[in-house]
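Here's the letter readout for the chains.
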Amino acid sequence: MAVLEYTIADFINRESWWRNRGLLVLNIYLILPLLSSVLNGLDSSILNGLQILPGWQEYFHHPQGKTLGLINSAQGIGALSGIPFSPYVSDLLGRRASMFIGAIIVLAGVFTQALCTTVQVFIGARVLIGLGIAFSINAAPLLISELSYPTHRGKLTALYNSMWYLGSIISAWICLVAYDRTGASQWSWRVPVFIQATVPVLQMMLIWFIPESPRFLAAKGLESQAARVLAQYHANGPKQCDHLVAFEMAQIRHALNVEREIASSPSYLTCFATPGNRRRMFIVISIAIFSQWSGNGLVSGYINIVLDGIGITTTRTKAIINGCLQVFNLASALLGTTLVDKLGRRKLFLTSNIGMLIVFSMWTITTALFKETGTRTATVPLIFMFFFFYDFAYTPMIISYTLEILPYNIRAKGLAIMNFSAYLFNTFNAFVNPWALDAIGWKYYLVYCGWLGLELVFMMVFIIETKGRTLEETAALFDGVRPQNTTERKESATFSRTPQYAPRPPRLEKDNPDNYFELHDSSSARSSAFGSPSHIELQEYSRVQSDVFGSLSHLETQSEESAITAVNHHHDIVS
């Protein structure tokens, strides 16, 4: 019988996801971790809106210079304090537990901030909020990436960071509405702060209703539970199981086994222990820096100063521009999200950096003209254009690309390093940007023009394409393994005899027993938990075994091998 190489594409659901109950419920559940990005965007943008409000400025005596820089960087300081510990919580207690802890801390910080009476307490509350967000933003994308359906993973992880702008939109327009209703009253800034409590309250109440990450469960030796989660949501219930679950479990087991052989240390040094990991972290840290140092921080943190610099001084006009910009940012990020799997990651990054370099150079020229000659030019439209190119790639992909290139054993810590780097350089921006703008004005923009040129060179040299690969296959690219793509695998299948029919993915069987994916507790099964996948007892009908795959254990072995290594042939298929 033919010996075929099966890939994830052979087993995926072909119907619309909303018609599949398991996928529909799963995607609804994933809205909850997506809200972590909304919370981050809401809190990170709240100060941009508050600085525009006369009520906030008067209550805190018009903070400037170092005080304003400290207020803006306080959340980042809190996040930097929590990020080094967040992956340990995610890996030891689980993704859901880490999100729950983060929600509790954020809620405490929000109420402290909303009820504060001095700028010192306000800053302390900002630090506390940042500490809680550190746990939330580490666990949430991990849960989304590891729980989502294989063909949805790229879009959902890209959507995660794009949802940052939904929080930013809420922040901007709530500040405008509060200003219209209360004027210069202190409630014009307290009400938007109170609204921040909505997301952590929802997450605290609902987080235990969604399933845990299958990869986390498998890493803890709970393969039976991991398989049940995959069966319930990827194969539409434990009594309707197809071979996708066997394929995914084989990938997870083999990847965990290889990763444990390479590095058994649970420390951050694991992230730099091998050449492949060092290459990964170089890319991850660089992208994190670029996400903060591309010029976007000027508007994201100090739109009030930037608009003053081009002659826009009225409160309502500033608030409207800020609100419209956030809506535009979300639309741009969602456009990039829809194109992640169509154009690929590398093309999006290159398009983004080329566009930012051109537009920011024009933005610099128009700002210089206004400062030197007083001539009003199209600076505001250029700000919108700049953020279109920034949001097109960096917003949807900074998280998703990081998760795609990291193997499981360093995924949580690698994401923590990325978040730490981003917050570190964002905090630096918060201190330096207002000083530099006051000291040298528009000439400070020239620094960003040169830096954007360096970013473009980096993208051309170091970014590799991850489109169309599973998490395990993508991770293998950095460790000296070149897995074949789906087309190459199918073309390179070796036949021992000509089959009488074309092979097809297995059909769903609806009358399997409830313990379809239960692992035996015998020593042989336990010893093979991270070895040969044939010890998962899949009770399939003999007709399917003999007519479609020969034997199910052979299918599992194939799925493992096709996920990690290329097939050896007697002749070259790929030039």
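For the structure itself, consult the block above.
Residues numbered from 1 in each chain as written. Predicted model: local features only at pLDDT ≥ 70, side-chain atom pairs only at ≥ 80, totals over all residues. Heavy atoms only, no water.

**Some points on the overall build of the protein chain**
Selection rule: Here a helix means four or more residues in a row that DSSP labels H or I, a strand means two or more in a row labelled E, and each is numbered from the N terminus. Two residues qualify as a contact provided that any one of their heavy atoms is within 4.5 Å of a heavy atom in the partner residue. The method behind every accessible area is Shrake-Rupley, applied with a 1.4 Å probe, and residues are considered shielded solely by the protein chains displayed.
Looking only at helices and strands, the protein chain features 26 helices and two strands. Considering only contacts in the protein chain between residues 6 or more positions apart, those separated by 24 or more positions represent 83%. Here the protein chain displays about 22,700 Å² of accessible surface, and carbon together with sulfur accounts for 63% of that area.

**Some thoughts on the pattern of salt bridges**
The following threshold applies: The term salt bridge refers to a pairing of a side-chain nitrogen on Lys or Arg with a carboxyl oxygen on Asp or Glu at a separation within 4 Å. Here the term buried applies to any residue with accessible area under 20% of the maximum for its type, exposed to any over 50%, and partly exposed to those in between, with areas from a 1.4 Å probe on protein chains only.
Counted according to the given criterion, the structure contains nine salt bridges. D91 is paired through a salt bridge with R95; the nearest N and O atoms lie 3.0 Å apart. Residue D91 is classed as buried on the basis of its relative accessible area of 16%. The class for R95 is buried, based on a relative accessible area of 0%. Within the structure, one salt-bridge network assembled from shared partners comprises D91, R95, E146, R411 and K413.

**Overview of the packing of aromatic side chains**
As a reminder, the rule being used: Aromatic rings from Phe, Tyr and Trp, with only the six-membered ring used for Trp, were paired whenever their centres fell within 6.5 Å, and each pair was classed as stacked if the ring planes differed by under 30 degrees, edge-to-face if by over 60, and tilted otherwise. Only when the NZ of Lys or the CZ of Arg is both within 6 Å of the ring centre and within 35 degrees of the ring normal is a charge said to sit over the ring.
This model, assessed by the stated rule, comprises 36 aromatic pairs. When the ring of F282 is compared with that of F462, the centres are 5.0 Å apart and the planes differ by 75 degrees; the resulting orientation is edge-to-face. Of this pair, F282 sits in helix α15 (residues 275-292) while F462 sits in helix α21 (residues 444-462), and the two are 180 residues apart along the sequence. On the basis of relative accessibility, which here comes to 40%, the residue F282 falls in the partly exposed class. Summarising the aromatic geometry, the rings of F328 and F388 are spaced 6.5 Å apart at their centres and angled 45 degrees between planes, so their arrangement reads as tilted. With F328 in helix α17 (residues 315-343) and F388 in helix α19 (residues 379-405), this residue pair connects regions lying 60 residues apart in the sequence. Classification of F328 by relative accessible area gives partly exposed; the value is 28%. The class of F388 is partly exposed, set by a relative accessible area of 25%. Here the aromatic cluster, defined as three or more aromatic residues joined through ring pairs, consists of F349, F360, W363, F386, F387, Y390, Y394, Y401, Y444, Y445 and Y448. Of note, R190 hangs over the ring of Y59, and the distance from its end group to the ring centre comes to 5.2 Å.

**Observations concerning helix α10 (residues 187-195)**
Looking only at α10, the buried set comprises S188, W189, R190, P192 and V193. Check the buried side of α10 and you find it contacts α2 (31-52), α3 (54-59), α6 (95-114), α7 (119-147) and α9 (164-182).

**Considerations on the nonpolar core**
Cut-off, in case you're wondering: Take the buried Ala, Val, Leu, Ile, Met, Phe, Trp, Tyr and Cys residues and link them wherever side-chain atoms come within 4.5 Å; each set so joined is a nonpolar core.
Ranked by internal contacts, the top residues of the largest apolar core, which has 118 residues, are I287, F349, F360 and W363. Here this core takes 16 residues from α19, the largest share from any one element. When neighbours within four sequence positions are excluded, W363 is seen to be in contact with V299, V306, T379, L382, I383, F386 and Y445. Of all hydrophobic cores here, the second largest spans 16 residues; its members include L47, F60, A114 and V193.

**So, the environment of T338**
For clarity, the cut-off: Whenever a nitrogen or oxygen atom comes within 3.5 Å of another N or O atom, the pair is scored as a polar contact, on the condition that within protein one atom can donate a hydrogen and the other can accept it, and that pairs from neighbouring residues in sequence are kept only if both atoms are in side chains.
Counting through the fold element by element, T338 comes out in helix α17. Only 2.6 Å separates the side chain of T338 from the backbone oxygen of L335, close enough to count as a polar contact.

**Some words on the side chain of T337**
Looking at the element boundaries, T337 is found in helix α17. With sequence-adjacent residues up to four places away left out, T337 is seen in contact with K155, A158, L159, S162 and P396.

**Thoughts on helix α20 (residues 408-440)**
Given 3.6 residues to a turn, an α-helix orients residues that are three or four positions apart in the same direction. What counts is decided by this rule: The span one expects for a helix is its residue count, reduced by one, times 1.5 Å. Working definition for bend: take the seven residues up to and ending at a residue and the seven starting at it, fit an axis to each, and measure the angle between the axes.
Relative to the 48 Å expected for 33 residues at 1.5 Å per residue, α20 spans 46 Å between its end C-alpha atoms, a close match to the ideal helical length. If you look at α20, its biggest bend is around 35 degrees, right at V432, and the proline P434 turns up within four residues after that.

**Details of the packing of α19 against α20**
Each pair of packed helices can be summarised by the angle the axes make with each other and by the distance between the axes. In plain terms, the rule: All axes here are fitted lines through C-alpha atoms, helices being fitted over the stretch that makes contact, and every angle between N-to-C directions spans 0 to 180 degrees. Two helices crossing with the near one rotated counterclockwise from the far one by less than a right angle form a left-handed crossing, whereas a clockwise rotation gives a right-handed crossing. For this classification, Asp, Glu, Lys and Arg are treated as charged, while Ala, Val, Leu, Ile, Met, Phe, Trp, Tyr, Cys and Pro are nonpolar and the rest, including Gly, are polar.
Interhelical geometry of α19 versus α20 gives an angle of 145 degrees and a closest axis separation of 10 Å. By crossing handedness, the relation of α19 to α20 is classed as right-handed. Across from I398, I399, T402 and L403 in α19, the residues of α20 making contact are R411, L415, M418 and N419. For the contact of α19 with α20, the residue count by class is five nonpolar, two polar and one charged.

**Digging into the packing of α15 against α19**
Keep this limit in mind: Oblique is the label for every angle not falling under 35 degrees (roughly parallel), over 145 degrees (roughly antiparallel), or within 65 to 115 degrees (roughly perpendicular).
For the pair α15 and α19, the least separation of the axes is 10 Å and the interaxial angle reads 155 degrees. Taken together, the axes of α15 and α19 are roughly antiparallel relative to one another. The handedness of the crossing between α15 and α19 comes out as left-handed. Two secondary-structure elements touch here, α15 through R280, I283, V284, I287, A288, F290 and S291 and α19 through Y390, Y394, I398, Y401, T402 and I405.

**Focus: unusual backbone geometry**
Positive phi outside glycine occurs at H61, with the angle close to 60 degrees. With respect to the secondary-structure elements, H61 resides in the loop between α3 and α4 (65-82). For H61, a relative accessible area of 67% corresponds to the exposed category. With phi around 50 degrees, H62 is a residue other than glycine that occupies positive phi space.

Keep in mind these numbers describe shape, not what the thing actually does.
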